[in-house]
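Close look at the chain arrangement
Now for the letters of each chain:
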Amino acid sequence: MSSTLSTIIVDDEPLARKGLAIRLADHQDINVIAQCANGREAIEAVRAHQPDLMFLDIQMPGINGFEVLEQLIEQELPMPVVVFVTAFDQYAIKAFEVHAVDYLMKPADEARLEQALVKIREQIKHKEDAEHKSKLVQLVSDVTGNDQETILEELATNQEVSLSQYSDVLPIKDGGELSRVPVETILWIDAAGDYMCVHTSEGTHILRKTMKQLEEMLDPRIFIRSHRSTIVNKNYVQKFCSQLNGEYYLVMTNGKELKVSRSYKEKVKTAVTS
């Protein structure tokens, strides 16, 4: 969790805003960055500051507290952790229905405010942990090729997250971008110097890996070596052909002809005819 929680106070009563700000000043991890007198100011403060926390009065002229939250959602603004503060207890159930972390009656005493802050800290830590976990799972998925659901299941059962034997996707970096190419869309791969050209139904990607590394990543029941510089996806092989001079080639479903070297001939023939 961040060392301080950026906080805004929203209340149409100046004394109520001032009183809460004074009490929050005693808590070093709470940093009040704005005080708002109405709902419109609150929405603009969220837009400008993207606070971690908002103490929000419910009954205000113009836009009430619940309508503030509706506007934040409609405008797709980042939602802070919300604590409703009001003099009217009839709003309590609705406050929790909109997932407020707590509900304080005015004037909240020190003990009740401290209880709320404990909940707030736990909520924000949980939120940050969830975001951190989501980023890690995405990273592991990019590296291993495993789908995120499988990784989450392994984490939930305390299993070691392992590299899938064969990848469902091939992560390919292109400058600052990372593309996740579904393995099933790959027609064939051929070498071009120190790079591999990954030909898919959508186009060609350039990858810096060795042929051996790619063979280890791809299911050999589907991807077969047809030449020392070529791997083909047998699902996209239309024909296995021979020439009068004794050479062999494959015709892919898109019409592309790929040479088959003699050392791989029998293995390729068996694979595409099985």
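Please refer to the structure higher up on the page.
The paragraphs below set out a description of the structure included in this document. Source: prediction; values computed, not measured. (Residues numbered from 1 in each chain as written. Predicted model: local features only at pLDDT ≥ 70, side-chain atom pairs only at ≥ 80, totals over all residues. Heavy atoms only, no water.)

Looking now at helix 2 (residues 39-49). When helix 2 is considered as a whole, its buried residues turn out to be Gly39, Ala42, Ile43, Ala45 and Val46. Projection of helix 2 onto a plane perpendicular to its axis shows the buried side chains occupying an angular sector of 160°, all on one side. Among the exposed residues of helix 2, those oriented more than 90 degrees off its buried face are Arg40 and Ala48. Where helix 2 is buried, its residues contact strand 1 (5-10), strand 2 (30-36), strand 3 (53-57) and helix 3 (65-74). The N-terminus of helix 2 is capped by asparagine 38, whose side-chain oxygen sits 3.1 Å from the backbone nitrogen of arginine 40. Two residues or fewer past helix 2, glutamine 50 is found with a positive phi of approximately 45°. (Buried < 20%, exposed > 50% of the residue type's maximum accessible area, 1.4 Å probe, protein only. Helix = DSSP H or I, 4+ residues; strand = E, 2+ residues; numbered from the N terminus. Arc of directions from axis to C-beta. Contact = heavy atoms within 4.5 Å. Polar contact = N/O pair within 3.5 Å; in protein donor to acceptor, adjacent residues only side chain to side chain.)

A few words on the pairing of strand 4 (residues 81-86). Here strand 4 lies mainly inside the structure; six of its six residues are buried. Covered by surrounding structure in strand 4 are Val81, Val83 and Val85 together with Val82, Phe84 and Thr86, the residues of both alternating faces. Note that strand 3 and strand 4 share five bridges and pair parallel. Across the sheet, residue leucine 56 finds its bridge partner in strand 4, namely phenylalanine 84. Note on the crossover from strand 3 through helix 3 to strand 4: the handedness is right-handed. The pairing of strand 4 with strand 5 (residues 102-105) spans four bridges and is classified as parallel. Paired with valine 83 across the two strands is aspartate 102, which belongs to strand 5. (Pairing = 2+ DSSP bridges. Right-handed = clockwise from strand over helix to strand, strands pointing away.)

With that out of the way, let us pick up the pattern of salt bridges. According to the stated counting rule, one finds 10 salt bridges in the structure shown. Glutamate 13 serves as the salt-bridge partner of lysine 106, at 3.9 Å between the closest nitrogen and oxygen. Note that lysine 106 is positioned in the loop between strand 5 and helix 5 (110-144) and glutamate 13 in the loop between strand 1 and helix 1 (14-24), a separation of 93 residues in sequence. A residue is classified by how much of its surface remains accessible, and glutamate 13, at 42% relative accessible area, is partly exposed. In this structure, glutamate 44 engages arginine 47 in a salt bridge whose closest nitrogen and oxygen atoms are separated by 3.4 Å. One end of the pair, glutamate 44, and the other, arginine 47, are both in helix 2, three residues apart, so they sit about a helical turn from each other. Judged by its relative accessible area of 44%, glutamate 44 falls in the partly exposed class. Look at arginine 47 and you get partly exposed, because its relative accessible area is 37%. (Salt bridge = Lys/Arg side-chain N within 4 Å of Asp/Glu carboxyl O.)

Two elements, strand 13 (residues 237-242) and strand 14 (residues 248-252), share five bridges in a ladder whose sense is antiparallel. By the bridge assignment for strand 14, phenylalanine 240 is matched with leucine 250. In textbook terms, the turn of a hairpin is the stretch between consecutive antiparallel strands, and for strand 13 and strand 14 this stretch comprises five residues, one of which, glycine 246, has a positive phi near 90°.

Before going further, it helps to examine the sheet that holds strand 15 (residues 257-260). Pairing is antiparallel across the open sheet formed by three strands, whose spatial order is 13-14-15. If you trace the sheet from one side to the other, it starts and ends with strand 13 and strand 15, each paired once. For this sheet, the mean angle separating the axes of adjacent strands, direction not counted, is 25°. Bridge count for strand 14 against strand 15 is four bridges, and the pairing is antiparallel. Within the sheet, the bridge partner assigned to valine 251 lies in strand 15 and is glutamate 257. Together, strand 13, strand 14 and strand 15 form the strand contacts of helix 8 (residues 265-273), whose direction differs from that of strand 13 by roughly 140°. (Axes fitted to C-alpha atoms, helices over the stretch in contact; angles between N-to-C directions.)

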